[in-house]
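As a plain string of letters, each chain reads:
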Amino acid sequence: MYPDDLLANWRSGRESWSDVSNEDWNNWKWQMSNSIRNLKHLQSLIDLTEDEKEGCELAHTKLSLSITPYYFNLIDRNDVNCPMRKQVIPSVNEAIISPEEMLDPVGEEKTNPVKGIVHRYPDRILFLVTSVCASYCRYCTRSRLVSNAQGYDFRPELESGLNYIQQHSEIRDVLISGGDPLLLSDEKLDYLIKRLREIKHVEFVRIGSRVPVFLPQRITPNLCQIFKKYGPIWLSIHVNHPIECTKELKNACEQLICSNVVIGNQSVLLKGINDEVITLTSLSHRLLQMGVRPYYLYSCDLITGSSHFRVGIKKAIDIIKKMRGYTSGYAIPQLVIDAPGGGGKIPINPDYIEKFTNDRVFLKNYKGDVYSYPID
Ligand SMILES: *Cc1c(COP(=O)(O)O)cnc(C)c1O
């Protein structure tokens, strides 16, 4: 299904941007200021379906529309089911609100001691430092505040967050997120990481970012110098489909790895986008070739207007079951449900334990053959 020319960006033609200089194209600020942010601009580049047009008209009240020219070029304009298209072009289905869906599906507002901090687990926190992203994923779990389309009026408060971390010596792990932290200026990122490194009990600093996927041009030598100065920095990127593994992404990962950044990937399991064994296996293989370890595969959170993206749990488990044993253990992400209401991430696994007897456990291997092992 996917060609062997792994990591070839076979959709790298500039198309609508053929007259743009390499210098501009490779400049992240050019990409940001030329991003597609409204229906008119989008329609000048691609024929939209009626559902998409209506979705774009609704976007300003739910989650803004924004797509970088670089990422837009990964879309197959002749395929209404293109996996990249579905991730970033709004659909009228976003207006459908299913009974179980919520504005805050993983209960972040419940464990929110100061603005921008989510303190759910004993030893680690989420630190939200911006509401802006390079492009907006239509299934965003934090759409209540990301892009500020819903009037949440999120404003990052770095100092109060830093003070909270300073005062809580149990926090050994800080996960910087948002929005996308890599859209902060180099100066701000340098300051933020420097402050965290000065706090003795913070031993683990990580960043969640989709910038390498939407805007690989942002991974500049200067940014890498900052990471090198404070490394190791752990980075979770968000790649959902093998076509997103372009030469540009590979190059960005190489530069990051050389700068003492350890990279993992978090995917969201999305209907019609990556809910096939071959797609997820191909994705994992490409990630490993880029030096990126698959970390989590999320079942899509119950965010309002996301039912068209959700894959059944039984199918999700079956996909993981069909990967285990047939590819490298490193290629298999941990399937998780981020529990509604703030329970945190719960691992979901195929069942390999057949039964326990008084003294033995009976186990099924990946082929379904049964083996036993003493309990004690
Ligand atoms: C995901 C998350 C973390 C980090 O979880 P890990 O399983 O350690 O990767 C921490 N805090 C919050 C609130 C989270 O949602």
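Scoring rules and cut-offs
- Residues numbered from 1 in each chain as written.
- Predicted model: local features only at pLDDT ≥ 70, side-chain atom pairs only at ≥ 80, totals over all residues.
- Heavy atoms only, no water.
- Helix = DSSP H or I, 4+ residues; strand = E, 2+ residues; numbered from the N terminus.
- Rg over C-alpha atoms; globule rule 2.2 N^0.38 Å.
- Buried < 20%, exposed > 50% of the residue type's maximum accessible area, 1.4 Å probe, protein only.
- Areas by Shrake-Rupley, 256 points an atom, 1.4 Å probe, with all protein chains shown as cover.
- Lys, Arg positive; Asp, Glu negative; His and termini not counted.
- Charge placed at Lys NZ, Arg CZ, Asp CG, Glu CD.
- Pairing = 2+ DSSP bridges.
- Contact = heavy atoms within 4.5 Å.
- Axes fitted to C-alpha atoms, helices over the stretch in contact; angles between N-to-C directions.
- Near = heavy atom within 4 Å.
- Polar contact = N/O pair within 3.5 Å; in protein donor to acceptor, adjacent residues only side chain to side chain.
- Domains from an automatic or database assignment.
- Buried area = accessible area lost by both parts, 1.4 Å probe.
- Salt bridge = Lys/Arg side-chain N within 4 Å of Asp/Glu carboxyl O.
- Nonpolar A, V, L, I, M, F, W, Y, C, P; charged D, E, K, R; others polar.
- Right-handed = clockwise from strand over helix to strand, strands pointing away.
- Expected span 1.5 Å × (residues − 1).

> It is not clear to me how the overall build of the protein should be interpreted in this structure. Could you clarify?
Counting its regular elements, the protein contains 13 helices and 12 strands. Against the globule reference of 21 Å for 376 residues, the protein gives a C-alpha radius of gyration of 21 Å, in line with a compact fold. Principal-axis analysis of the C-alpha atoms gives the protein an extent of 70 × 50 × 45 Å. Within the protein, buried positions represent 54% of all 376 residues. Carbon and sulfur atoms make up 51% of the accessible area of the protein, which totals about 16900 Å². Counting 45 positive and 45 negative side-chain charges, the protein places the averaged centre of each group 3 Å from the other.

> So what exactly am I meant to see when it comes to the sheet that holds strand S7 (residues 293-299) here?
Within a sheet, each strand pairs with its neighbour through backbone hydrogen bonds, oriented either parallel or antiparallel. Reading across from one edge, S1-S2-S3-S4-S5-S6-S7-S8-S9 is the order of the nine strands in this open sheet, with mixed pairing throughout. At either end of the open sheet lies a strand with only one pairing partner, and these are strand S1 (117-118) and strand S9 (344-347). For S7 and strand S8 (residues 334-339), the ladder comprises three bridges, and the chain directions are parallel. Its bridge partner being in S8, tyrosine 296 is matched across the sheet by glutamine 334. Strands in contact with helix H13 (residues 313-323) are strand S6 (261-269), S7 and S8; relative to S8, the strand with the most contacts, it is inclined by about 155°.

> What is the right way to look at the site of the ligand in this model?
Taken together, the residues surrounding the ligand are Val118, Arg120, Tyr121, Arg124, Leu126, Leu175, Arg206, Tyr295, Tyr296 and Lys345. Residue tyrosine 296 places a side-chain N or O atom 2.6 Å away from an oxygen atom belonging to the ligand. Lysine 345 is positioned with one of its side-chain polar atoms (N or O) 3.0 Å from an oxygen atom of the ligand. When the free accessible area of the ligand is taken as 390 Å², the share hidden by the protein chains comes to 91%.

> Which parts of the structure should I look at to understand the sheet that holds strand S10 (residues 353-356)?
If you trace the three strands from one edge of the open sheet to the other, you get S10-S11-S12, paired in antiparallel fashion. The open sheet is flanked by S10 and strand S12 (370-374), the only strands paired with a single partner. Mean inter-strand twist for the sheet, computed between neighbouring axes without regard to direction, equals 20°. Relative to strand S11 (residues 360-364), S10 is paired through three bridges, and the arrangement is antiparallel. Paired with phenylalanine 356 across the bridge in S11 is valine 361.

> Before we go on, may I ask you to explain the domain arrangement of the protein in this structure?
A common measure of how large an interface is: the accessible area buried when the components associate. Here the protein is partitioned into domain 1 (4-93) and domain 2 (108-349). A separation of 22 Å is found between the C-alpha centroids of domain 1 and domain 2. Across the boundary between the two partners, domain 1 contributes 36 residues, which contact 43 residues of domain 2. With both sides pooled, the region where domain 1 packs onto domain 2 buries about 3400 Å², and carbon together with sulfur makes up 61% of that total. Linking domain 1 with domain 2 are zero salt bridges. Our count for the domain 1 to domain 2 interface comes out at 14 residue pairs in polar contact (both at pLDDT 80 or more). Of all the secondary structure elements, the ones that give two or more residues to the side of domain 1 that touches domain 2 are helix H2 (28-33), helix H4 (50-62), helix H5 (69-72) and helix H6 (83-88). The residue makeup of the side of domain 1 that touches domain 2, split by class, is 19 nonpolar, 14 polar and three charged.

> What should I look at first to understand the environment of alanine 252 in this one?
One can find alanine 252 in helix H11 (residues 247-258). Given the relative accessible area of 1%, alanine 252 is considered buried. The spacing of alanine 252 and proline 212 is 40 residues in sequence and 6.6 Å in space, taken between C-alpha atoms.

> In this structure, what is going on with the pairing of S6? I would like to understand it.
The side chains of a regular strand alternate between the sheet's two faces. With eight of nine residues buried, S6 is to be regarded as a mostly interior element. Bridge count for strand S5 (residues 233-237) against S6 is five bridges, and the pairing is parallel. Paired with serine 236 across the strands is glycine 264, a residue of S6. Following the chain from S5 across H11 to the adjacent parallel S6, one finds a crossover that is right-handed. Summarising the sheet, S6 and S7 pair through six bridges and their orientation is parallel. For glutamine 266, the partnering residue across the bridge sits in S7 and is tyrosine 296. In terms of handedness, the path from S6 via helix H12 (residues 277-289) over to S7 forms a crossover that is right-handed.

> Looking at this structure, how should I read helix H8 (residues 186-198)?
Residues spaced three or four apart along an α-helix point in a common direction, a consequence of the helix completing one turn every 3.6 residues. Taking 1.5 Å as the rise per residue, H8 with 13 residues should run 18 Å; its terminal C-alpha atoms sit 18 Å apart, in good agreement. Regarding H8, the residues found buried are Asp186, Leu189, Asp190, Leu192, Ile193, Arg195 and Leu196. Packing partners of the buried residues in H8 comprise strand S2 (124-128), helix H7 (158-167), strand S3 (173-177), strand S4 (204-208), helix H10 (221-230) and S5.

> I'm lost on unusual backbone geometry in this one. Help?
Most peptide bonds take the trans form, and the phi angle of most residues other than glycine is negative. Residue glycine 179 is bonded to the preceding glycine 178 through a cis peptide linkage, with omega at 15°. Its location among the elements puts glycine 179 in the loop between S3 and H8. In this model, glycine 231 is joined to proline 232 through a cis peptide bond whose omega is 0°. Tracing the backbone shows proline 232 in the loop between H10 and S5. Of note in this structure, aspartate 153 is not a glycine but carries a positive phi near 60°. Within the secondary structure, aspartate 153 is located in the loop between S2 and H7.

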